[in-house]
Amino acid sequence: MKSIQDAIRSFDGKVSSEGFSVLCLAIYEARLYQPFVPQMKVIKINIAAKLHKSAVATSKALERAVYDLCTTSDKTVLASYQRSWSYEVPKPKEFVFTMAQILWDGVDRSGTEAG
């Protein structure tokens, strides 16, 4: 989980503490399924159960977290993960699964091994 938290912090964007937790958990859950891509509703249900929140509240928190992070982050860092993120905010599903795949296969944009 630390590699996920470090990756999210590397964006140098602003995310609420609740949003940060939801986003990190979503990436963590998606990473468990690698190399397969589960349905996003499965990820949201798993997170909601862990946080004792509704799936709707979890979904909204995830959307807000991705939006906040991608609109306040360093565009160069965003582009190092996915070029299109430097000029458009990704959907939560795209963000979560891209990050999960990158962190699953050990690629770290800071120059040290992720894992």
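Residues numbered from 1 in each chain as written. Predicted model: local features only at pLDDT ≥ 70, side-chain atom pairs only at ≥ 80, totals over all residues. Heavy atoms only, no water.

### Observations regarding the overall build of the protein
Put simply, the test is: Strands are runs of DSSP state E lasting at least two residues, helices are runs of H or I lasting at least four, and both sets are numbered from the N terminus onward. Just to be clear, the radius of gyration here is over C-alpha atoms, and the globule rule we use is 2.2 Å times residues to the power 0.38. Relative accessibility decides the category of a residue: with a 1.4 Å probe and only protein chains considered, values under 20% of the type maximum give buried, values over 50% give exposed, and everything between is partly exposed. Areas reported as accessible are Shrake-Rupley estimates using a 1.4 Å probe. Residue values count occlusion only from the protein chains shown. When charges are counted, neither His nor the chain ends are considered; positive counts come from Lys and Arg and negative counts from Asp and Glu. To locate a charge, the coordinates of NZ of Lys, CZ of Arg, CG of Asp or CD of Glu are taken.
Along its length, the protein carries six helices and zero strands. Going from the N terminus to the C terminus, the protein shows its helices and strands as α-α-α-α-α-α. Relative to the 2.2 N^0.38 estimate, which gives 13 Å for 115 residues, the radius of gyration of the protein is 13 Å and therefore close to what a compact globule would have. In terms of overall dimensions, the protein has C-alpha extents of about 35 × 30 × 20 Å along its principal axes. Burial status across the protein gives 41% buried among its 115 residues. Accessible surface computed for the protein: about 6400 Å², of which carbon and sulfur atoms make up 52%. Averaging the coordinates of the 15 positive side-chain charges in the protein and doing the same for the 12 negative ones gives two points 6 Å apart.

### Structural notes on the pattern of salt bridges
The criterion, for reference: Between Lys or Arg on one side and Asp or Glu on the other, a salt bridge is scored when a side-chain nitrogen of the former is within 4 Å of a carboxyl oxygen of the latter.
Enumeration over the complete set of coordinates arrives at four salt bridges. The salt bridge involving Lys2 is made with Asp6; its shortest N-O contact spans 2.8 Å. Placement of both Lys2 and Asp6 in helix 1 (residues 2-10) is noted, with a separation of four residues, approximately one turn of the helix. Here Lys53 ties to Glu18 by a salt bridge, and the two come within 3.4 Å at their closest N and O atoms. Residue Lys53 is found in the loop between helix 3 (40-51) and helix 4 (55-72), and its partner Glu18 is found in helix 2 (residues 17-32); the two are separated by 35 residues along the sequence. Looking at Lys53, the relative accessible area reads 38%, which means it is partly exposed. Under the relative-accessibility criterion, Glu18 is labelled partly exposed at 37%.

### A short note on a nonpolar patch on the surface
Where we set the bar: Every patch collects residues that have over 30% relative accessible area and no salt bridge, joining them within 9 Å if they carry like charges and within 5 Å if they are nonpolar side chains (Val, Leu, Ile, Met, Phe, Trp, Tyr).
Taken together, Leu32, Tyr33 and Phe36 make up a surface patch of nonpolar side chains, about 340 Å² in accessible area. Within the secondary structure layout, Phe36 lies in the loop between helix 2 and helix 3. Given the relative accessible area of 63%, Phe36 is considered exposed.

### Comments concerning the state of the cysteines
Worth spelling out the cut-off: In what follows, a disulfide is any cysteine sulfur pair within 2.5 Å.
Tallied over the full model, the rule gives zero disulfides. Looking at Cys24, it has no disulfide partner, and the nearest cysteine sulfur is the one in Cys70, 13 Å off.

### Some remarks on helix 1
As a reminder of what qualifies: By arc we mean the arc of the directions from the helix axis to the C-beta atoms, nothing more. Residue contacts are defined here by distance: any two heavy atoms, one from each residue, within 4.5 Å place the two residues in contact.
Regarding helix 1, the residues found buried are Ser3, Ile4, Ala7 and Ile8. End-on view of helix 1: buried residues confined to an arc of 135°, all on one side of the axis. The exposed residues of helix 1 that point more than 90 degrees off its buried face are Lys2 and Arg9. In this structure, the buried side of helix 1 is in contact with helix 2, helix 4, helix 5 (75-81) and helix 6 (92-104). Looking one or two residues past helix 1, Asp12 carries a phi angle of roughly 60°, positive in sign.

### Details of the packing of aromatic side chains
The cut-off we apply is this: Centres within 6.5 Å are what make two rings of Phe, Tyr or Trp a pair, Trp counting through its six-membered ring; a difference in plane orientation under 30 degrees is then read as stacked, over 60 as edge-to-face, and the rest as tilted.
Counting across every chain of the model gives three aromatic pairs. An aromatic cluster is defined as three or more aromatic residues linked by ring pairs; in this entry it consists of Phe11, Tyr81, Trp85 and Phe95.

### Re the confidence of the model for the protein
Our working definition: For every residue, the predictor assigns a confidence score, pLDDT, that lies between 0 and 100.
With 90% of its residues at a pLDDT of 70 or more, the protein has an overall mean of 85. With pLDDT under 50 throughout, residues 107-115 is counted as low confidence; its partners more than four residues away or in other chains account for 14 contacts.

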